[in-house]
Amino acid sequence: MSNPVNTQNLAINSDQVDAPVVRRSDVVVVGGGPAGVSAAVAAARSGVDVTLVERYPALGGLASGGMVLVLDDMINGDEITVQGIVNEYVERMARRKLAVYPPVEERKTSTELWNKWGRWGTFNFHSHTNPKPICYAVAFDPDGWKITSNELVREAGVHLRMHSWFSRPIVDDGALKGVVVETKAGPQAIMGDVVIDTTGDIDVASRAGAPYEHDKYLVTLVFRLGGVDTDAAEKFEQENPRQARAINRRIKRLLGGAWELWWLKTPIPGVVWCNTPHMTGYDGADPESLTNAEFAARERIENALVAIKADLPGFENAYVVDVAQQMGVRQTRLLQGEYVVTKEDVVNRRHFSDSVARGRDYYTPYRALLPRGVDQLLVAGRHYSATPEAQRMSREIPPCMAQGQATGIAAALAVEKGLTVREVPAGEIQLRMRDQGADPGDKPSANATVDADSENTVHDQTLETPR
């Protein structure tokens, strides 16, 4: 379905706020997932006061609560294109032995390397070769992600308010002034000069009156199995590939859909990650639809487990360790911002002069993080300004984190320089992204499609905003 017209203008103005104001900050970030933590940490490191609001009892969003346990979409050939805060997560989790990735010398194509790394999910899933190339991607543990999120937020000095469910934006004369959240203590107001929407469904932007499109894609309730002899399971499929494929096809039919590999190894021995069942026809922004999806997914998991234990060597003693706290929603409301990224932009690797974030081999312009019709509001994450087709190709966690880092820096610049977020020069965001160890995409890769005036524009923006 598609609905490009705003239908949820639920904003109130400052005079209508009857909830107690519990916090005033320069920047308010709504949503504590990967993009939200990146935004809050980047803004705080830039020297402004930041409040991060999260509805769940833990940070991490779909990386932890949704248990999407592989970081990918970070490479363009041998080039690692997504850098910055995501690197800090990987380094800290690896020190705890809660992240696994192939060393540089093993990032290539061979049957031997596929047998070693394929079941970690560390391969180029866009490749059509067989076996697929092993590449830089990271398998990690969800609690490792939560711990790392806590560390980064605490060290940066971010004021964190969990158990706080966003309810209404506060808008004066077309500009965001804060948000109202629902809590066990009742409604509370948090005021800020800039608000960043990292809810995943543009909850803030849509209710503030920004135009958007509403679509839907697959939803998945991820689960983990314990008691698995992964060595035996891999040995069986490598020695009996035809029989293993037949068994896995039957299991995937019972689950109702999955990617090529329905189970992957995790850093915890004997525990595997199951990115399935894939279910269509559910709306991730509709509570009734989500309720139905939860029931349908658990029924599929329970039914499939019987066959998994009976038919698949290595899984004889398997049991359900846990089911994700959050439904894996891939697409709902998508911003229609100052620029709407298209499928052609992604496929053709179009470079933008105002690129502030990268994914795989594509670029995100600052304009795609700026809502139309509302000021002092930025967005970052899977709900960024893109067509549904483009978003399905550019919604992975690492690129969303890069967007978050860019918006955190942009918000801090706006506060620091007394600008609206629309007035912040993209060139200055690019400079500060690089200062923070990120790649904003200001320098196009060799395979990018570069507009005729793109390089000159980037140069001019940088010259106009000296550090």
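A quick note: this is a predicted structure, and the numbers were derived from the prediction, not measured.

Criteria and thresholds
- Residues numbered from 1 in each chain as written.
- Predicted model: local features only at pLDDT ≥ 70, side-chain atom pairs only at ≥ 80, totals over all residues.
- Heavy atoms only, no water.
- Buried < 20%, exposed > 50% of the residue type's maximum accessible area, 1.4 Å probe, protein only.
- Helix = DSSP H or I, 4+ residues; strand = E, 2+ residues; numbered from the N terminus.
- Pairing = 2+ DSSP bridges.
- Right-handed = clockwise from strand over helix to strand, strands pointing away.
- pLDDT = per-residue confidence, 0-100.
- Contact = heavy atoms within 4.5 Å.
- Salt bridge = Lys/Arg side-chain N within 4 Å of Asp/Glu carboxyl O.

Trainee: Pulling in residues and values, what's your account of the pairing of strand S2 (residues 50–53)?
Mentor: Along S2, one buried face is formed by Val50 and Leu52 and the opposite face, lined by Thr51 and Val53, is buried too. Pairing between strand S1 (residues 21–30) and S2: four bridges, direction parallel. Residue valine 30 lies in a different strand from S2, and its bridge partner there is valine 53. Once you follow S1 into helix H1 (residues 34–45) and on to S2, the crossover reads as right-handed. Direction of pairing for S2 relative to strand S8 (residues 159–161): parallel, over a ladder of three bridges. Paired with threonine 51 across the strands is histidine 159, a residue of S8.

Trainee: Lay out the confidence of the model for the protein in plain terms, naming residues and giving numbers.
Mentor: Of all residues in the protein, 95% attain a pLDDT of 70 or more, and the chain-wide mean is 94. With pLDDT under 50 throughout, residues 455–460 is counted as low confidence; its partners more than four residues away or in other chains account for six contacts. Scored below 50 in pLDDT, residues 462–467 makes ten contacts in the model with residues more than four places away or belonging to other chains.

Trainee: I'd like to hear about the pattern of salt bridges, residue by residue, with values.
Mentor: Summed over all chains, the structure comprises 29 salt bridges. In this structure, aspartate 203 engages arginine 333 in a salt bridge whose closest nitrogen and oxygen atoms are separated by 2.5 Å. One end of the pair, aspartate 203, is in helix H5 (residues 203–207); the other, arginine 333, is in strand S20 (residues 333–335), with 130 residues separating them in the sequence. Given the relative accessible area of 7%, arginine 333 is considered buried. Measuring nitrogen to oxygen at the nearest pair gives 3.1 Å for the salt bridge that ties glutamate 234 to lysine 265. On the criterion of sequence distance, the pair formed by glutamate 234 in helix H6 (residues 230–239) and lysine 265 in strand S15 (residues 264–265) is long-range, its members being 31 residues apart. The class of lysine 265 is buried, set by a relative accessible area of 13%. Linked by salt bridges that have partners in common, Glu79, Arg358, Arg434, Asp439 and Asp442 make up one network.

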